[in-house]
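# Understanding the architecture of this molecule
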Amino acid sequence: MEKTFLATRNFLRDEEGVTAIEYGLIAALIAVAVIATVYLVGQQLNTVFAKIKTCLTTPASCGT
């Protein structure tokens, strides 16, 4: 019983896994930021290409 208690206590005090978890969380946050940026830029590009398409099909609607 004492061996189990000591093993559990040592496991809870071990901090090596904490660093790996922190790196994993940082990587996940970076991935979320990249996905959000790509999504927003993609929407803006879609708007630009739609305007270009309109200008190519009906040049009078573009002004100059």
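Below, the structure is looked at part by part. None of the values given here were measured: they were computed from a predicted structure. (Residues numbered from 1 in each chain as written. Predicted model: local features only at pLDDT ≥ 70, side-chain atom pairs only at ≥ 80, totals over all residues. Heavy atoms only, no water.)

## So, the state of the cysteines
Here is the rule: Disulfides are defined as cysteine sulfur pairs within 2.5 Å. Each residue is placed in one exposure class: buried if its accessible area under a 1.4 Å probe, protein chains only, is under 20% of its type's maximum, exposed if it is over 50%, and partly exposed if it falls in between.
Counted by the stated rule, this structure contains one disulfide. Shown here is the disulfide that connects C55 with C62, its sulfur atoms set 1.7 Å apart. On the S-S bond that ties C55 to C62, the torsion sits near -125°, and the link is left-handed. According to the relative accessible area criterion, C62 is partly exposed, its value standing at 28%.

## As for the environment of I52
Counted only if it meets this: Helix and strand assignments come from DSSP, with helices taken as H or I runs of at least 4 residues and strands as E runs of at least 2, each series counted from the N terminus.
Of note, I52 is situated in helix α2 (residues 16–57). Along the sequence, I52 and C62 sit 10 residues apart, while their C-alpha atoms lie 8.9 Å from each other.

## Quick notes on helix α1 (residues 2–13)
Helical geometry note: an α-helix holds 3.6 residues per turn, so side chains three or four residues apart project in the same direction. Short version of the rule: Here a helix's expected span is defined as the number of its residues, less one, multiplied by 1.5 Å.
An ideal rise of 1.5 Å per residue puts 16 Å on 12 residues; α1 measures up with 16 Å between its terminal C-alpha atoms. Across the 12 residues of α1, zero count as buried, placing the element largely on the outside.

Read these as layout, nothing more, since geometry by itself doesn't imply function.
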